[in-house]
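Structural characterization, general
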Amino acid sequence: MNFSSGKKNKEPYILIDKNFNPKDACKKLTELARVSKNFPVIGLDCEWAQSKGPCLLTAEVDKVRSNHHLLGAAKVPNIRHPVAILQLAAKDKPVLIIRLSQIIALNDDHLDWQIFFIRLKDLLNSAEVLKVGVSIQTDTSHLFYDYNLYTVNCLDLQHIAAHYEYPKSGLTYLAKRLLNVDLPRFAAWRTDWDGPVLSPEALKYAADDAKLAVLIFEKFLEQSIQETKKSSKPVRNCADFIKLWRYKIDVIYRYRCPPDPNEQKTKDGEADTSGDTADVEADSTTILPPIHASPSRLALHNQKDDDRNMEYRTCATETENTKSHPKMSFYKLILIMNIIVILLAVFIIFKLVLGR
C-alpha cells in the first residue's frame, strides 16, 4: 500500500543491509536528505529485538550496559537489544530501512561505509530538517546510546495529538483518524529484527511506521492552515507550522490525552494496547478544537506535570512581564525627597554651627 500523496513510487522502501552497495547507499541517503525547502520533514522510527535471555553482545559491552544507569536493560527480564534497523522517510520518496546492526560491523573496515555513517550523522544532526514520529525521543535516545548517533530537531506527534485532545495518540489511531488507513496487526515485539532475513510483513511494517509519521504531520499542517486563516497569526506554510510548535521540538512527551467517555474500559486481565493496535476503535466523528495561535498557553491535563513544566516558562518570562507598580514608584519618590530634605537640614545646621 502506497501512502504517498504525490506520485506513486515503484519502490515503497529500500533495504540497506550488509549486501547493499555502500556507494549506492550513500546516494540513496543523499537523495533522501534533499528534502524540499517547502516541506523539510522526514519521518524517523527504529526497531529492536526483545528477548528474555542474555543480550547478544560481547561480555565486556554487556557488563557496561548492565552497570550504566541509563542502559540497565540487562537487569530486567525483558532485554532490549541494540537498535536493529533505522527507518527514514520523506514524503514522496521510498523509505530507507537501514540495518544498523549489520552494517555497523563493516564501518571500520570499509571506507565507503564510513562515508555513509558520516552522512547519516550529518542528517540526524541537521537543524534544517525536522524529524517527526510517535515517541521519537525513545528511538533517538537508543540510537545515541547504541551507536553514538546524535539526533536533533525532533518533534513528537503526540504533542500535537494532545493539543487536539485526541483520546489516544498511537500511530495506528492517528493513521486511522487522519488518513483513514487501517494498519494490520503485527507483533513487532516478537520479530527477530536482528535475524539474517526479515519477512516482507516486517519490512512493510517498518516502512509504514516512518512514512505514516510524515503524512500525519502533513495532515496536521493542512488542518492548521485551514483553521487559522482568519486568525491574527495565520499558518500559511510548513515553516509557520514548525515555528508554531518550536517550543515542543526536542521535548519528551510526558502528558496523556483525556480518556474518551464513550470508549469501553479495558477488561480486567487484558493487555493495554492503546499505544498502537487497539486505538483504531475510537470514535472518529468527534469534532476537534482548532489549533490556537499560541499552543504554549494551552491548559495541559496533568496538573502536577504542568506545574513542573511551567517553572521554566515562569523564570524565562518573569523579567519580561514584570512591570513597576505605580504605588512603588510613588513611595520611591517620597523616600528620595525625604533623604534630600534631611541632607539639606544637616547642611544648614552645620553652617550655623560654624558661623558661631
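Residues numbered from 1 in each chain as written. Predicted model: local features only at pLDDT ≥ 70, side-chain atom pairs only at ≥ 80, totals over all residues. Heavy atoms only, no water.

In the annotation of an unreviewed UniProt entry, the entry for the protein reads 3'-5' exonuclease domain-containing protein, and the organism field reads Bemisia tabaci.

1. Let's talk about the UniProt feature "transmembrane region" (unreviewed entry) in the protein
Quick note on the threshold: UniProt positions are given in the numbering used here, feature names are shortened, and annotations may be inferred rather than shown by experiment. Helix and strand assignments follow DSSP, with helices taken as H or I runs no shorter than four residues and strands as E runs no shorter than two, numbered in order from the N terminus.
Per the UniProt record, "transmembrane region" (unreviewed entry) is found at residues 333-354. Taken end to end, residues 333-354 has its terminal C-alpha atoms 32 Å apart, with 100% of it in helix and 0% in strand.

2. Examining the side chain of serine 126
Cut-off, in case you're wondering: Between buried and exposed lies partly exposed: a residue is buried under 20% and exposed over 50% of the maximum accessible area for its type, with that area taken using a 1.4 Å probe on protein chains only. What makes two residues a contact is simply this: any of their non-hydrogen atoms within 4.5 Å.
Locating serine 126 in the fold gives a position in the loop between helix 4 (111-124) and strand 5 (130-133). Since its relative accessible area comes to 18%, serine 126 is described here as buried. With sequence-adjacent residues up to four places away left out, serine 126 is seen in contact with Lys131, Val152 and Asn153.

3. Notes on the packing of aromatic side chains
Applied cut-off: Whether two aromatic rings pair depends on their centres lying within 6.5 Å, for rings of Phe, Tyr and Trp, where Trp uses its six-membered ring; planes under 30 degrees apart make the pair stacked, over 60 edge-to-face, and the rest tilted. Whether a charge lies above a ring is judged from NZ of Lys or CZ of Arg, which has to be within 6 Å of the ring centre and within 35 degrees of the ring normal.
One pass over the structure, following the stated rule, counts 14 aromatic pairs. Members of the aromatic cluster, connected to one another through ring pairs, are Tyr164, Tyr166, Tyr173 and Phe220. The ring of phenylalanine 39 has lysine 91 lying over it, and the distance from NZ or CZ to the ring centre is 4.9 Å.

4. A short note on the pairing of strand 4 (residues 95-98)
Which entries qualify depends on this criterion: Criterion used throughout: strands pair if DSSP finds at least two bridges between them.
Side-chain alternation along strand 4 places Val95 and Ile97 on one buried face and Leu96 and Ile98 on a second face that is also buried. Of the strand pairs in this sheet, strand 1 (residues 13-16) and strand 4 are connected by four bridges, and their pairing is parallel. Each residue of the ladder has a partner; that of tyrosine 13, found in strand 4, is valine 95. Pairing of strand 3 (residues 79-89) with strand 4, which is carried by three bridges, proceeds in the antiparallel orientation. Counterpart to leucine 88 in the pairing with strand 4 is leucine 96. What sits between strand 3 and strand 4 in their antiparallel hairpin is a turn of five residues.

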